[in-house]
Protein chains: 2
Amino acid sequence: MKATHIEHIGIAVKSLDEAIPYYEKVLGLKCYAIEEVEEQKVKTAFFKLGDTKIELLESTDPEGPIGKFIEKKGPGMHHLAFAVDNVDQALADAEENGVKLIDKKHRKGAEGLNIGFLHPKSTFGVLTELCGEE
Amino acid sequence: MKATHIEHIGIAVKSLDEAIPYYEKVLGLKCYAIEEVEEQKVKTAFFKLGDTKIELLESTDPEGPIGKFIEKKGPGMHHLAFAVDNVDQALADAEENGVKLIDKKHRKGAEGLNIGFLHPKSTFGVLTELCGEE
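Residues numbered from 1 in each chain as written. Chains lettered and ligands numbered in written order. Predicted model: local features only at pLDDT ≥ 70, side-chain atom pairs only at ≥ 80, totals over all residues. Heavy atoms only, no water.

Enquirer: Looking at this structure, how should I read the interface of chain B and chain A?
Expert: Interface size, as often reported, equals the accessible area lost upon joining of the parts. Taken together, the 41 residues of chain B in the interface contact 41 residues of chain A. Here chain B packs against chain A, burying approximately 3,200 Å² in sum over the two surfaces, 70% of which is carbon and sulfur. Counting the contacts that link chain B with chain A gives zero salt bridges. Where chain B meets chain A, there are five residue pairs in polar contact (both at pLDDT 80 or more). Elements supplying a minimum of two residues to the side of chain B that touches chain A: β1 (5-13), α1 (16-26), β4 (52-59), β5 (76-83) and β8 (128-132) of chain B. The class makeup of the residues in the side of chain B that touches chain A is 24 nonpolar, 13 polar and four charged. (Contact = heavy atoms within 4.5 Å. Buried area = accessible area lost by both parts, 1.4 Å probe. Salt bridge = Lys/Arg side-chain N within 4 Å of Asp/Glu carboxyl O. Polar contact = N/O pair within 3.5 Å; in protein donor to acceptor, adjacent residues only side chain to side chain. Helix = DSSP H or I, 4+ residues; strand = E, 2+ residues; numbered from the N terminus. Nonpolar A, V, L, I, M, F, W, Y, C, P; charged D, E, K, R; others polar.)

What follows is the structure in structure tokens.
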């Protein structure tokens, strides 16, 4: 696997309406898309800066992954997503190197990208997403 | 303030020696520098990808900020650093917008950059660093 850049940083927030003005007014970024990802039980807001994005995640269900994360740890950085050429190949490469996977094969994430997660137990505590167009 | 890109993502690890091989072998990155920042009581390892860096942080003192963070929360993402043109001006802008500051003025961080931190209470749980050459 060769990660080419950080595709995005996922940040759990209690409320997009409260957090978006901070990113826009204080940091000078622009929210260019808001999208609900039903499967993940989140509503997302995206900001682009350089070759990376910030993805704010608001839970739409207390039993969803972001709802549980905020209940346990409070709002904050949730996951780190690396861009790769081919997600299934990258997942297979990671597993071959002894990394525990959350997803054996890609699924569809926000912005139509293929995504797959590595388990934080194998990645030194960082919930790690691989994503790409293939 | 206008953040131009993500300068780096700071990740707390228990051991650089254990974590570096994961970033190199699994993600295909290359550690290009290891630097001790005595004031912060950390040893850092840097990886560049795209216009961003990953900064792994190993504590050199259990009473230092990273030592305490790991004891409380375990290893994982610790802070998010945005590149700005002028750190003191960006800190002043943030304060004017009601953000609580950790640093009123810049101090020196890794790689000789000027750095200053915003308080996570004002940034929706994300410990936020501003950094730049000025």
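Enquirer: Mind showing me how you'd approach a positive patch on the surface here?
Expert: A grouping of K72 and K73 of chain A together with K72 and K73 of chain B is seen on the molecular surface, where their side chains present a positively charged patch. Contributions of two or more residues to the positive patch are made by α2 (65-73) of chain A together with α2 (65-73) of chain B. Looking at the element boundaries, K73 of chain B is found in helix α2. (Patch = residues over 30% accessible without salt bridge, like charges linked within 9 Å, V, L, I, M, F, W, Y side chains within 5 Å. Areas by Shrake-Rupley, 256 points an atom, 1.4 Å probe, with all protein chains shown as cover. Lys, Arg positive; Asp, Glu negative; His and termini not counted. Charge placed at Lys NZ, Arg CZ, Asp CG, Glu CD.)

Enquirer: Please explain the confidence of the model for chain A as it appears in this structure.
Expert: In low-pLDDT regions, the fine details of the predicted coordinates are not to be read closely. Averaged over every residue, the pLDDT of chain A is 95; the share at 70 or more is 100%. Here the predicted complex carries an ipTM of 0.94, next to a pTM of 0.95. (pLDDT = per-residue confidence, 0-100.)

Enquirer: Is there a simple way to explain the side chain of E55 of chain A in this structure?
Expert: Residue and element names in this part refer to chain A. Inspection of the secondary structure assignment puts E55 in strand β4 (residues 52-59). Despite being buried, E55 has no salt bridge partner; K53 is the closest side chain of opposite charge, sitting 9.0 Å away. Ignoring sequence-local partners within four residues, the contact set of E55 consists of H8, I9, G10, I11, T44, A45, F46, H79 and A110. (Buried < 20%, exposed > 50% of the residue type's maximum accessible area, 1.4 Å probe, protein only.)

Enquirer: Explanation requested: the environment of A12 of chain B in the structure shown.
Expert: Structurally, A12 of chain B can be placed in strand β1. The exposure class of A12 of chain B is buried, given its relative accessible area of 0%. Each C-alpha atom of the pair A12 of chain B and M77 of chain B lies 6.1 Å from the other, and the pair is 65 residues apart in sequence. Not counting chain neighbours up to four residues away, the residues in contact with A12 of chain B comprise F124 of chain A together with L57, I66, F69, I70, P75, G76 and H78 of chain B.

Enquirer: Got a minute to help me understand the relation of the copies chain B and chain A in this structure?
Expert: Mapping one chain copy onto the other needs a rotation about an axis and a shift along that axis. The transformation that overlays chain B on chain A combines an axial shift of 0.0 Å with a rotation of 180°, and the residual RMSD is 0.0 Å. In short, the pair behaves as if placed about a two-fold rotation axis. Same-surface contact between copies: 100% of interface residues of chain B are shared with the interface of chain A. (Least-squares fit on C-alpha atoms with pLDDT ≥ 70 in both.)

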